[in-house]
Amino acid sequence: GDDKCMLFTFADLEPRRKAERALRGSEAHFSTLFQMAPVAMALTSADGHRLIEGNDAFWRLTGYTATNFVGRPAGDPELWADVADRNAVEQEIERGGGVRGRVVRLLDTEGHEVDCLLSAERMTIRDQICTLWLFQDITARRSSELELADAIEAVMKDASWFSRSIMDKLAT
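The model shown is predicted, which means the values in this text are computed figures rather than measured ones. (Residues numbered from 1 in each chain as written. Predicted model: local features only at pLDDT ≥ 70, side-chain atom pairs only at ≥ 80, totals over all residues. Heavy atoms only, no water.)

1. A word on unusual backbone geometry
Point 1. Here the residue pair Asp76 and Pro77 is connected by a cis peptide bond, since its omega of -5° sits within 30 degrees of zero.
Point 2. Looking at where Pro77 falls in the secondary structure, it is placed in the loop between α2 (56-62) and α3 (83-94).
Point 3. Of note in the backbone geometry, His49 takes a positive phi value of approximately 50° without being a glycine.
Point 4. With respect to the helices and strands, the residue His49 is situated in the loop between β1 (40-45) and β2 (51-54). (Helix = DSSP H or I, 4+ residues; strand = E, 2+ residues; numbered from the N terminus.)

Below, the structure is given as structure tokens:
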């Protein structure tokens, strides 16, 4: 009649602990790479693209600091020279696509324009969906390209002393 029975179940938690340790290790590894990278990088939230974190290269590129930027939504302060570009990139990311090697123009704290190659991708860090942004400063390269184009244009204006074959090559 009054017999009581207890049922015990045992689960091996070691595989789960190993997975959690591996995850913590990979997140620490990512954090170290993020901070040390020479390329400007930022992490933003999925909702409103609020800045979560920027690395040292990002702060140097923009002139901002974490204290006056982290937690604010995109556009406050405005980092993009062309807001339509920012909106287009954000929409691409929200549709599930990444962005690779897109030329964009940022504004630093002084209002100076900075030409950048942008790559961005959605990712999950600490169970939070966010976007990783990489901005490579190509201002000097763009300036050199423009100077070369101006020099070619100046030469082409008075090209009477050029041979026809050289003119054809420059034209192409």
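2. Focus on a nonpolar patch on the surface
Point 1. A contiguous nonpolar surface patch, about 480 Å² in accessible area, is contributed by Met6, Phe8 and Phe10.
Point 2. Mapping Phe10 onto the fold places it in the segment before α1 (14-36).
Point 3. A relative accessible area of 78% places Phe10 in the exposed class. (Patch = residues over 30% accessible without salt bridge, like charges linked within 9 Å, V, L, I, M, F, W, Y side chains within 5 Å. Areas by Shrake-Rupley, 256 points an atom, 1.4 Å probe, with all protein chains shown as cover. Salt bridge = Lys/Arg side-chain N within 4 Å of Asp/Glu carboxyl O. Buried < 20%, exposed > 50% of the residue type's maximum accessible area, 1.4 Å probe, protein only.)

3. Concerning the sheet that holds strand β4 (residues 113-125)
Backbone-to-backbone hydrogen bonds join strands into a sheet, with any given pair of strands oriented parallel or antiparallel.
Point 1. The 5 strands lie next to each other as β2-β1-β5-β4-β3, forming an open sheet whose pairing is antiparallel. Both outer strands of the open sheet, β2 and β3 (99-107), are each paired with one neighbouring strand and no more. Taking each pair of neighbouring strands and ignoring which way they run, the sheet shows an average axis angle of 30°.
Point 2. Strand direction decides the pairing type here: β3 and β4, joined by 7 bridges, are antiparallel. Bridge pairing in β4 links Val104 to Cys116.
Point 3. Its contacts with the sheet put α3 on β3, β4 and β5 (128-137), and the angle it makes with β3 is roughly 145°. (Pairing = 2+ DSSP bridges. Axes fitted to C-alpha atoms, helices over the stretch in contact; angles between N-to-C directions. Contact = heavy atoms within 4.5 Å.)

4. Side note on the packing of aromatic side chains
Point 1. Within this structure, the stated rule accounts for 8 aromatic pairs.
Point 2. Aromatic side chains Phe58 and Trp59 sit 5.1 Å apart centroid to centroid with 75° between the ring planes, which places their arrangement in the edge-to-face category.
Point 3. Phe58 gets classed as buried once you look at its relative accessible area, which sits at 1%.
Point 4. For the pair Tyr64 and Phe69, a centre-to-centre distance of 4.9 Å together with 75° between the ring planes defines the contact as edge-to-face. (Phe/Tyr/Trp six-rings, centres within 6.5 Å; stacked < 30°, edge-to-face > 60°.)

5. Here's the deal with α3
Point 1. Between the first and last C-alpha of α3 there are 16 Å, a value that for 12 residues agrees with the 16 Å anticipated at 1.5 Å per step.
Point 2. For α3, the set of buried residues is Arg86, Val89, Glu90 and Ile93. Considered in projection along α3, the buried side chains sweep an arc of 100° and stay on one side of the axis.
Point 3. On its buried face, α3 sits against β3, β4 and β5.
Point 4. Between a side-chain oxygen at the N-terminus of α3 and the backbone nitrogen of Ala84 the separation is 3.0 Å; the capping residue is Asp82. (Expected span 1.5 Å × (residues − 1). Arc of directions from axis to C-beta. Polar contact = N/O pair within 3.5 Å; in protein donor to acceptor, adjacent residues only side chain to side chain.)

6. Observations concerning the pattern of salt bridges
Point 1. As enumerated under the stated definition, the model contains 7 salt bridges in all.
Point 2. One salt bridge in this structure joins Glu78 and Arg86, with 2.8 Å as the shortest N-O distance.
Point 3. With relative accessibility at 9%, the residue Arg86 sits in the buried group.
Point 4. Taking the shortest distance from any N to any O, the salt bridge between Arg105 and Glu113 comes out at 3.5 Å.
Point 5. Several salt bridges share partner residues, and in doing so they unite Glu78, Arg86 and Glu90 into one network.

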